[in-house]
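Spelled out from the first residue to the last, the chains are:
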There are 2 protein chains.
Amino acid sequence: MITLTEENYIKAIYHIGKQGRENVNTNALADAMNTKASSATDMIRKLAEKDYANYKKYKGVTLTEAGKKIAINIIRKHRLWEVFLVEKLNFTWDEVHELAEQLEHIKSQKLIDELDAFLGHPTHDPHGDPIPDKNGEITFVEKIVLSQAQEHQKYSCLGVNDSSSEFLQYLNKNNISLGSIIEVLHIEPFDKSINIKANGKLLTVSQSVAKNLYLKKL
Amino acid sequence: MITLTEENYIKAIYHIGKQGRENVNTNALADAMNTKASSATDMIRKLAEKDYANYKKYKGVTLTEAGKKIAINIIRKHRLWEVFLVEKLNFTWDEVHELAEQLEHIKSQKLIDELDAFLGHPTHDPHGDPIPDKNGEITFVEKIVLSQAQEHQKYSCLGVNDSSSEFLQYLNKNNISLGSIIEVLHIEPFDKSINIKANGKLLTVSQSVAKNLYLKKL
DNA sequence: ATATTAATTTAGACAAGACTAAAAATATAT
DNA sequence: ATATATTTTTAGTCTTGTCTAAATTAATAT
């Protein structure tokens, strides 16, 4: 049996490992888990013991194939629940994350298969992140971040990098959501702020916003 | 904050208290929770400490109003999830209980309000048990058990007392479900077995079956 | 190359929820 | 009414996941 805490550590290792170097260091993991480095060390040991993680003292941690499988399955559940909440229960995309953190730990293969079918086998969650299929395959869509976009080019909004409710509410306020058409008008060389036309409306966004918005060239 | 374990103890106290004397004894609680009496004593102490339970040494435990409120809310969530699983995700009534035991602990008021609305504010779960409303009100339906039924009388099936999957599968096999029309033909004085016509088909049921099937006189 | 700083691990302790074994209180039987 | 049996509580221990403080290893700077 795998505990809830173990699942959360595995998920954190997966996410950190994804966006940076392969080997996840203890402090980064402790940060993500809101614990101290010593607690992270203990858990890493335990996960290595159970063959969910590869661990060499002072060298950081990676997931084994078994660990990755668990991580991907949790992510699949998380994202399917997010779709359910938004599509069926009138949640907005900034409300679903915390709740999905609870729901992702529900254990039932049939539940997740049926939910998937009930939702029509969605491929992306409400933030634009891909939903792994039953076999753990993740369909990768080529995407860039707004801060790397070119002037005078049209894009469509694919998703977000930062899914904090603050950021999502900022986007809501400016009427930007999945699929929104965004045209880059001008990039200010001084501070890298960007003038865009989003769904027809003119808007200037800072670099910190631009870094967290994923786009697809049209 | 209330822990998962505390919630489960509160629920168990509520259910045991419901079907028998008010004061729940330590052994009964330990049994229901699959723990030992000493563990139950510890938890009862803790619940009393937090004002969820009334406790006098050696005298058993009851819930306070706050405790009852929590219990009823968990039951509301449990039964709404059961409806969801059966109505929307193709589960059968014998498959849903364990899964609902997990789902009932998800914490989100909005989730449960929206789920309730999504399901059309159902009043009963798939086993015929009433679903408490948002204010904790439980609509009580007068029901008898098949073993107390009268000969030559027609009834409709309201629910079950024993919701083990063995019993539910027995009912499935004999095509008895919620709302089934059941006519009592003859009660055998020797062993109290009962000849019934269920959905048009003749069937003889033992007393232990008859004790666990709830009916409403038609 | 060595000193200093940063990251990681170890050691020991704590709270929650469980257990066993023993003691205390209550219930039952003659 | 007293002896016996049952139930409940207490005392002490264990595991999980956490912490602090100290020790160790790795990284960085001069």
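This write-up is about the structure you can find in this document.

We now examine the sheet that holds strand β8 (residues 213–217) of chain A. All names here are of chain A. Spatially, β3-β8-β4-β5-β6-β7 is the arrangement adopted by the 6 strands of the open sheet, whose pairing is antiparallel. Pairing within the sheet leaves two strands with one partner each, and these edge strands are β3 (144–145) and β7 (201–205). In terms of strand pairing, strand β4 (residues 153–160) meets β8 through 5 bridges, oriented antiparallel. Bridge pairing links C157 to L215 in β8.

Here we come to the protein's contact with DNA strand D. In the neighbourhood of DNA strand D, 21 residues make up the surrounding shell, with K46 of chain A together with N25, R45, Y55 and K57 of chain B lying closest. Between a base oxygen of DNA strand D and a side-chain N or O atom of S38 of chain A, the distance comes to 3.0 Å. Contact distances for DNA strand D include 2.7 Å between a phosphate oxygen and a side-chain N or O atom of S39 of chain A. Contributing elements (two or more residues each) for the surface near DNA strand D: α1 (4–18) and α3 (37–49) of chain A together with α2 (26–32) and α3 (37–49) of chain B. Looking at which element gives the most residues to the surface near DNA strand D, the answer is α3 of chain A, with 5 residues. Classifying every residue of the surface near DNA strand D gives 6 nonpolar, 10 polar and 5 charged.

This brings us to helix α4 (residues 65–88) of chain A. For an α-helix, 3.6 residues make a turn, and residues three or four places apart therefore share a direction. Here α4 of chain A spans 34 Å end to end across 24 residues, near enough to the 34 Å set by a 1.5 Å rise per residue. With its phi angle positive at about 60°, N90 of chain A sits one or two positions after the end of α4 of chain A.

Further remarks concern the sheet that holds strand β6 (residues 194–198) of chain B. Residues and elements named next belong to chain B. Sheet architecture is open: 6 strands sit in the order β3-β8-β4-β5-β6-β7, paired in antiparallel fashion. In the strand order of this sheet, the two ends are held by β3 (144–145) and β7 (201–205), each with one partner. Contacts from helix α7 (residues 165–173) reach β4 (153–160), β7 and β8 (213–217) within the one sheet, and its direction differs from that of β4 by about 140°.

On the secondary structure map, I187 of chain A appears in strand β5 (residues 181–187). Put simply, I187 of chain A and T204 of chain A are 17 residues apart on the chain and 9.5 Å apart in space, counted from C-alpha to C-alpha.

Residue and element names in this part refer to chain A. The topology assignment puts I10 in helix α1. For I10, a relative accessible area of 0% translates into the label buried. Excluding its chain neighbours within four sequence positions, the residues that come into contact with I10 are I2, L47, Y52, L63, G67, I70 and A71.

For these two chains of identical sequence, chain B goes onto chain A by a turn of 180° and a shift of 0.0 Å along the axis, with RMSD 0.1 Å. The symmetry that links the two subunits is that of a two-fold axis. Identified as the residue of chain B closest to the rotation axis by C-alpha distance is L103 of chain B, at 3.9 Å. Looking at the interface residues of chain B, 100% of them are also at the interface in chain A, so both copies use one shared face.

What follows is about the packing of helix α2 (residues 26–33) of chain A against α3 of chain A. All names here are of chain A. Two elements in contact, α2 and α3, have axes whose closest approach is 8 Å; the angle formed by their N-to-C orientations is 105°. Classed by the angle they form, the pair α2 and α3 counts as roughly perpendicular. Contact residues: T26, N27, L29 and A30 in α2; A37, A40, T41 and I44 in α3. Residues of the contact of α2 with α3, tallied by class, amount to 5 nonpolar, 3 polar and no charged.

How each quantity is defined
- Residues numbered from 1 in each chain as written.
- Chains lettered and ligands numbered in written order.
- Predicted model: local features only at pLDDT ≥ 70, side-chain atom pairs only at ≥ 80, totals over all residues.
- Heavy atoms only, no water.
- Pairing = 2+ DSSP bridges.
- Helix = DSSP H or I, 4+ residues; strand = E, 2+ residues; numbered from the N terminus.
- Near = heavy atom within 4 Å.
- Polar contact = N/O pair within 3.5 Å; in protein donor to acceptor, adjacent residues only side chain to side chain.
- Nonpolar A, V, L, I, M, F, W, Y, C, P; charged D, E, K, R; others polar.
- Expected span 1.5 Å × (residues − 1).
- Contact = heavy atoms within 4.5 Å.
- Axes fitted to C-alpha atoms, helices over the stretch in contact; angles between N-to-C directions.
- Buried < 20%, exposed > 50% of the residue type's maximum accessible area, 1.4 Å probe, protein only.
- Least-squares fit on C-alpha atoms with pLDDT ≥ 70 in both.
- Parallel < 35°, antiparallel > 145°, perpendicular 65-115°, else oblique.

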